[in-house]
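# A closer look at the structure
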Amino acid sequence: MSVRQAISLRGGKRLEGEIQVQGAKNSALPVLAAAVLCRTQVTLYNCPSLTDCDAAMRILTALGCGCRREGGAVTINPSVITSVEIPSGLMREMRSSVIFSGALLGREKQCRLSFPGGCEIGARPIDFHIAAFKKMGASVSDEHGCLICRADRLTGAKISLPLPSVGATENIMLAAVLAEGVTEIHNAAREPEIVDLAQFLTKCGARISGAGSGLVIIEGVSELHGCDYTIMSDRIAAATYLCCGAITRGELLLTKADYLSCQPVLSVLEQMGCSIYSFGSDSLYLNARKKLKPPPMIRTAAHPGFPTDAQPVLMALCASIPGTSIFVETIFENRYRHVSELIRLGAKINVEGRVAVVEGTERLSGAELMATDLRGGAAMITAGLIAEGVTRIGNAAYIYRGYEDIEKTLRSVGADIKPL
Ligand code: UD1
């Protein structure tokens, strides 16, 4: 993948046409890690071509797995694991690398990792993950900034998460599928990606019930085999393209979309005046040609609440709608870093702690921006689509972590956007 560092766009074009939604990054990453648990070949379809997925594939290679991509299909041969260390460079590149620790602990009963990196959207600790591994019988020590987990025997345990953490729920599931006995995860995250991971593991021979509810129960088995699996549709990419369509008062058809997982965002867009219809099991139609109004207060929350990952793109949309919109970010304490950049485009946004108040304005104008994180960068593209003149967004690498061919996709529905 070529490294493109900036994106340039000229606002003012109404988006019209069809977009095929990519496979979900936040599902592909844990499923790629889960492949470590299998004894035979795994083939994943609809695996998005993203820098984060490339990093996960490089981790798999570093662990000794054969790993190759052909289009959207990634094939992994995990029959032999030759290393239990997640390389520190890759760990720094992508916070989700921590998900490999549960899989390595499950398969090899040990792993080494440095503390994770990723988007700077808050403290993002991993204390829940570590506490759960300890409860399952692992010893966890910190040696010179390197975390070493070891277990003679990994045993099932009853784990209550202080918060429904997505990553911790996934990591515990990965450690538990090959552990001895039964693991219960109370206050588990209910995100659709947890269900996707459970479906993959079940297809490999795992015994899991309750995924998608607050109590996930995993009965350990002695071995997992590989399988062919299709990664679910990306609900955050879908939300992003819907907000891009809405901000230009356009009309879009999203194919390969998942209506149910998008529901928390769809209901907000409908309340704002967008017409949304679902066709068949996987198509979504948006018509935003009417006058839109601000949404009721948006409070981000764990699924099925409004997703924190869609907060920045919805905020960009609200910045263009006359009236007051209020956001309360409850998941990450530092998730308003895009605000200062949107203000450069003329947006009127005030942040006080976890609350952002947006006074919508009909006129935004192009400016030089810097992407601050993945979804913040997507918000800058969204706003740039209606800003008068040219908007340039630096640090575009953040955006390519989560959006496959974003310029090409938006160009295909009429946007004037290109990589620089
Ligand atoms: C995942 C998603 C990310 C999304 C987030 C919330 C992936 C790859 N990333 O991130 O896009 O924004 O869910 O939906 O799927 N926490 C702790 N201690 C822990 C773990 C989490 O205090 O050990 C806190 C976090 O600081 C945060 C909250 O729990 O405030 C939720 O975080 P979590 O659900 O774990 O997010 P991620 O799995 O990192």
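Anyway, here's the lowdown on the structure attached to this text. (Residues numbered from 1 in each chain as written. Predicted model: local features only at pLDDT ≥ 70, side-chain atom pairs only at ≥ 80, totals over all residues. Heavy atoms only, no water.)

A few words now on the packing of helix α8 (residues 235-247) against helix α9 (residues 259-271). Two elements in contact, α8 and α9, have axes separated by 9 Å at closest approach and are oriented at 20°. The orientation of α8 relative to α9 falls into the category roughly parallel. As for the relative orientation of α8 and α9, their crossing is right-handed in sense. In this structure, α8 contributes Arg235, Ala238, Ala239, Leu242 and Cys243 to the contact, and α9 contributes Ser261, Cys262, Val265, Leu266 and Leu269. (Axes fitted to C-alpha atoms, helices over the stretch in contact; angles between N-to-C directions. Helix = DSSP H or I, 4+ residues; strand = E, 2+ residues; numbered from the N terminus. Parallel < 35°, antiparallel > 145°, perpendicular 65-115°, else oblique. Left-handed = near helix turned anticlockwise from the far one by under 90°. Contact = heavy atoms within 4.5 Å.)

This part covers the site of the ligand. In the vicinity of the ligand, 18 residues are found, and the nearest of them are Asp127, Ser165, Val166, Asp309 and Ile331. In the model, an oxygen atom of the ligand is placed 3.0 Å from a nitrogen or oxygen of the Asn26 side chain. Between Phe128 and the ligand, the recorded distance is 2.8 Å, taken from a backbone N or O atom to an oxygen atom. The fraction of the free accessible surface of the ligand (740 Å²) that becomes covered by protein chains is 85%. Considering every element that reaches the shell around the ligand, the biggest residue donor is helix α5 (residues 127-135), with three residues. Residues belonging to the shell around the ligand are distributed by class as follows: seven nonpolar, six polar and five charged. Formed jointly, the shell around the ligand draws a minimum of three residues from each of two domains, domain 1 (6-22 + 233-419) and domain 2 (25-230). (Near = heavy atom within 4 Å. Polar contact = N/O pair within 3.5 Å; in protein donor to acceptor, adjacent residues only side chain to side chain. Areas by Shrake-Rupley, 256 points an atom, 1.4 Å probe, with all protein chains shown as cover. Nonpolar A, V, L, I, M, F, W, Y, C, P; charged D, E, K, R; others polar. Domains from an automatic or database assignment.)

Strand order in the open sheet formed by four strands is β4-β5-β3-β13, with mixed pairing between adjacent strands. The sheet is open, and its two borders are formed by β4 (66-70) and β13 (228-230), each paired with just one other strand. Neighbour-to-neighbour, the strand axes of the sheet open up by a mean angle of 15°, direction not taken into account. In this fold helix α2 (residues 51-62) packs onto β4 and β5 (73-77), with an angle of close to 150° to the strand it touches most, β4. (Pairing = 2+ DSSP bridges.)

We now examine the layout of surface pockets. In this structure, the second largest pocket spans a volume of roughly 250 Å³. Along the wall of the second largest pocket there are 13 residues; nearest its centre are Gln20, Val21, Gln22, Glu404 and Thr409. For the lining of the second largest pocket, the class distribution of residues is four nonpolar, five polar and four charged. (1 Å grid on protein atoms, 1.4 Å probe; cavity = no way out; pocket = protein on both sides within 12 Å on 5 of 7 lines; lining within 4 Å. Points joined across faces, edges and corners; volume = space filled by probe spheres on them.)

Just geometry here; none of it tells us what the structure is for.
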